[in-house]
Every structure is written in C-alpha cells, then in structure tokens.
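A closer look at the structure
Read off the chains here:
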Amino acid sequence: MKRTHLSRREFAAIAGTVATAPLRGATAPTAQSVIEKLQTALGGEWPATGVEGIKAGDPSTPIKGIATTAMATMEVLKQAAKANANLVISYEPTFFGRADGPPKAAPAPPAGAAAGAPGRGGRGGGGGFGGLSPDDPVYKGKKDFIEKNSLVVYRLFDHWKSRKEGEMVTGLAEALGWSKGRVKPDDVIYEIPSASYEDVVAQIKKKLNMHGGLRAVGDRKATIRKVMLFPGPMAPELIYKRYTDADLMIAGEVREWENTFFAADIFAAGEKHGLITLGRVASEDPGMRACAAWLKNTIKEVPSQFIAAGDLYWRAV
Amino acid sequence: MKVREVIEAIKQHLSVPFPERSTRDTLKIGDPEMEVKGIATTMMATFDMLKRANAAGLNMIITHEDTWWNDRDDIKDVQATELYKKKLDFINQNKLAIWRNHDTTHAQKVDITVTGTLRSIGVKGGENASMRAGVLPIPETTLGDFASQAKRLSGFREIRCVGDPKAKVSKVLFGPGYATPRFSLDTDVVVGGESQEADGGFDNVEYVADATSLGMNKGLVMLGHVVSEQNGHEDQAKWLQTFIKGIPIQFVPAEEPFWG
C-alpha cells in the first residue's frame, strides 16, 4: 500500500490546529492502541483472565508518554503525571494484591467489614486475604489520582518475565555493572571482579540505591567471584539444585523457612555460598528500566521512560 | 523419659486437643523409644541451633518450624544436596530427635509465639493473647520511635519498616511469622514476621507506601519470620518444666540469619 506520509506539523496544519501547540487527540494514540501494539510486539496469547491488563483509567485516553516501573506506587504515579507519561506500565499490581482491586461485580461489604478481624496469610499467599473494599480510602485516593490526571495503568507481567531475551535478569546485571561477566547467554550466572561478600553488599547498595530492603545471609568474609541473579521471587527448588554453582545468589524475595534458612544452614555447615534478598520490587526495577529501552524502539509515536519504584524499606535504628 | 513419653505428656497438658491430623506436628527424625537426656525448645531446628543444643547435652528438640527447609519437611527435593547429608549425619551421629509443634502452639488459648513477641517489643495488653491478638493501643509515639523501641527491647537486628518515620501512631496489630495481618483501617501499624512483598493476597508494603503518600499515618514493621515467633519458646520451656521433671529443659533460640 502506497501512502503519503504527513508529518505531525503538516497534519496539524491540515486539521486546522495550531502547529506549534502540543498535539492532542488527533495524533496522540489511545492507551488501547499503544497496548495492542505492545502486545503484538511481545507476541503470544493475552487472555482476559490473566493478571495482565488495564487496572485503572480509560482505554480511550490519548497517550502523551509511557512510564515503566516495577510497581505503580503513588510516588511513581505522581512522577509520571508530572512527566506527562500518562500510560504507566507496572510489573507488579497497583491495588495491593494479585486481585489488583476490589472484587469485581460483587456487592459492597457491609460498613466496617474491612476493619474486622484481620485475615491470616496462608502458607501460599501474601499478607492475608479478604478482598479490598471499594470504600478503602487508600484505594479510592489512588484511583481518584489516576482519573484526575488522565493516567492509564497497565500491568505487564508474564509476557515480560518470560521473554527469551531475559531482560529482568540482564537489566539487573546491567544496573549492577556486571553485564560483561555473563557466563552463558541463557543462564543467570555472572563472573564479577573478586571481592569480599561484605564489599559486594556495599557495592549493590550503592548501585541500586538501597535504603533498608537488602538482607544478606552467609559468611561476610567469603570471597565472591561468581553470582547468580534471580530477580523477583526465587523458588526453593532453585537454591536446592543450584547453590553450589555460584558463591552468591541474589534474589528479589524468598520464603524465610525455605531458602533463607537453607542459606543459614549452608553457613552453619561451613560452606561459602551466600544469599542476598534485595526486596521483590527493588530487584525488578532494573528489568523495567530495560522495558522502557525496549519500548523506545517498539513504540515510536510517544516517548518512553523508566520511573523507579525504588527500595520502599528503611531499617529500625 | 522416652521421646514418645514427652510427646504424650505434652498432648495431655494442652489447653485444646492435640491436632492429631496435623502433618506438621510430627516426629521428624529420631527414635521415639530413645531416653531423653534434655529438651531444647526453639523456633527452628536450624543447623546452628542443633549444634548448640547438642553441645548443651539436649538430645530432644521441640521446634516450631521445619527442619528440612519446607513446610511439609518433605525431603524429596533436598535429599540430593550435600547440605541435607551433612545435617542428617549430624542428627544421626549425635542421636537427636526432632519433634515439631507448630499447629499445636498456634491453636492454644494463649499463643506463646504472640505473647512472647509482644512482650519482647514492648507492646502491652497481649499477655493472654491467642493467635489473633487484635488491635492493641500503645502510648502515642512516632513510627520511627516505635520501631527503634522494638529493636532496642528485643535485640532483633534487621527490622524492615515502611511508612513515614515521623507518622504519629497509637494502635498496633501484630501477627506472628507468615501470619502477618493484612492492613485494616482500625490500626496504625502492622507488625509481622514475613509476607510476600507484592502480588500476594494483600500487599501491605504498597498499601502503607501509598497511604503515606496520601498523608495517612500508617506504618509496617517487619521483624523477620523467625525472630517474630521466637521468644515465646522460652515460656514454653518453663511450661514444660511444670510437668516434665528430672530432665533439663532449655530454650535454645534459632539464630537471626540476616545482616546488611
């Protein structure tokens, strides 16, 4: 198909809008169209039942810019609004759990239900259960902010995590300055300049701008030459099967009675294999920085940038 | 007394019937007919803890958490590891017996994992609490000062917090271990052991961060799983001494594993 290209300026002139003013509506793609383009570029199936999808905002919103982040916290949303990045692509949920909002099409719980007995986390879940109330003030405040600022929040998770390019891992390696040390292109092992475990911890804290989230297990005097990177949650099977493959495993999060005490027992047994947990979100930010870089080459109609969710913890002193 | 007899004696002294169908509260390793030289109560039968118990001459371990790094103490995935062989050899060579008492403890009318930790961090009003202690009032303070007090009084080293350290707080909701409560609107601070950080049933970390951004006084204080259920096992040792006589019974804490 042959097509005459119109620049934005020419188009605006034809459309009668002021060419020097920021263009809206006529040329800005909608959230829906940007997301469809992203889905097409990543490929695969996008079932409506998955955790991915628009979590807040109107799909027909004209998009001025894209912000990627590990988690669309209020602070990230504020920065995105300020930066005119009104499509926010978040790796983790926006509304405080996998359900990512109040139960759909369910009657509102009786007043005060959210303030009743706390849910108890089962062995498989997070911090409890019992759905989010649609009247919850944090939920409402966040949703109002998104709507007032014409933001659209989209969760991109499985399709980014399972990319064969493995940007969640390579992004973390890059943020840590270790990209060149990758041992095999399809594995998570990196050779790094030899240093003590304590020194490696100090380097990581500085490079990832950590505040209180990083926790280390193992012999702090051990020499580290080889590391394995497991951003996000690290399954117990990985530590059982692979702990002897490297001097240090760096994960997002693990369960304490599993991987943490496996690592503590490694230390007690006199072996030199450490385990660091960065915090789930802090470990995933670099992979979403890589996502912004990928989007710049994939969706050229609007600018893309990364906004860090960051390390949300501080330590009691 | 034999291992089997110690377990029977405990079952007879519980405030509610022993959960016979529990897959957690079983003898994990060791001979039920072995003579008990001494009992160690602990939060977790870690390798380091086992060494200290053995050095103290205590050959029966009563542990709240798992021994083989998974909740079911299933050895299927770990038995090929060198670490499993080393820990198993140590247990067998020293003829230790390990019995787990997780569900039993949480089901009691007074849950020592809750009362022990509330006492350790200086929160009053939970002295006879069950597993669900509910929201407890504290003298108004800041989140930062509350967390500092918890650290100073308990000696726990690596307490992670979320929220504004200057936030005024006066209500605390505590849950032990992985039973960290989801945030509810009638509390200012949730204190827990461990929970999945994001993409779980309820993500407290993001909730508190966002509540803080919206100007609300909310805080999250995460003690760590093991330390958050640990200190009540000292009470448990004292309780065992009331009906098990003539055998040394000691609290041997699991180590706090973290630094950094």
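**Here we look at the overall build of chain B**
Across its full length, chain B carries nine helices and 10 strands. Expected size for 260 residues packed as a compact globule is a radius of gyration near 18 Å; at 19 Å, chain B falls within 12% of this value. Along the first, second and third principal axes, the C-alpha set of chain B runs to 60 × 40 × 35 Å. In chain B, which comprises 260 residues, the proportion classed as buried is 54%. The contacts in chain B between residues at least 6 apart in sequence include a share of 66% that link residues at least 24 apart.

**Examining the interface of chain B and chain A**
Taken residue by residue, the interface counts 65 residues in chain B and 58 residues in chain A. Put simply, the parts of the chain that give the side of chain B that touches chain A at least two residues each are helix 2 (47-55), helix 3 (82-93), helix 6 (143-154), strand 6 (160-163), helix 7 (204-213) and helix 8 (225-228) of chain B. With eight residues, helix 7 of chain B is the largest single contributor of residues to the side of chain B that touches chain A. Classifying every residue of the side of chain B that touches chain A by side-chain character gives 27 nonpolar, 17 polar and 21 charged. Where strand 11 (residues 314-315) of chain A meets strand 6 of chain B, two bridges bridge the pair, whose relative direction is antiparallel.

**Digging into the domain arrangement of chain A**
Residue and element names in this part refer to chain A. One can read the domain layout of chain A as domain 1 (8-103 + 121-162 + 285-306) and domain 2 (167-278). Counting residues per element, the side of domain 1 that touches domain 2 draws most heavily on helix 10 (residues 280-298), which supplies six residues. Taken together, the residues of the side of domain 1 that touches domain 2 break down into four nonpolar, one polar and two charged.

**Focus on the pairing of strand 6 of chain B**
Residues and elements named next belong to chain B. With burial as the criterion, each face of strand 6 is covered, one bearing Arg160 and Val162 and the other bearing Cys161 and Gly163. Of the pairings in the sheet, the one linking strand 6 to strand 9 (residues 219-222) comprises four bridges and is antiparallel in character. Counted as the bridge partner of Gly163 is Gly219 from strand 9.

**Some thoughts on the sheet that holds strand 7 (residues 223-233) of chain A**
Residue and element names in this part refer to chain A. Across the sheet, five strands lie side by side as 5-7-8-9-6; this open sheet has mixed pairing. The open sheet terminates on both sides in strands that have one partner only, identified here as strand 5 (189-196) and strand 6 (215-217). The mean angle between the axes of side-by-side strands here comes to 25°, regardless of whether they run parallel or antiparallel. Of the strand pairs in this sheet, strand 6 and strand 9 (residues 274-277) are connected by three bridges, and their pairing is antiparallel. Paired with Arg215 across the bridge in strand 9 is Thr277.

Quick notes on the rules
- Residues numbered from 1 in each chain as written.
- Chains lettered and ligands numbered in written order.
- Predicted model: local features only at pLDDT ≥ 70, side-chain atom pairs only at ≥ 80, totals over all residues.
- Helix = DSSP H or I, 4+ residues; strand = E, 2+ residues; numbered from the N terminus.
- Rg over C-alpha atoms; globule rule 2.2 N^0.38 Å.
- Buried ≥ 20, exposed ≤ 12 C-beta atoms within 10 Å, placed from the backbone.
- Contact = placed C-beta atoms within 7 Å.
- Nonpolar A, V, L, I, M, F, W, Y, C, P; charged D, E, K, R; others polar.
- Pairing = 2+ DSSP bridges.
- Domains from an automatic or database assignment.
- Axes fitted to C-alpha atoms, helices over the stretch in contact; angles between N-to-C directions.

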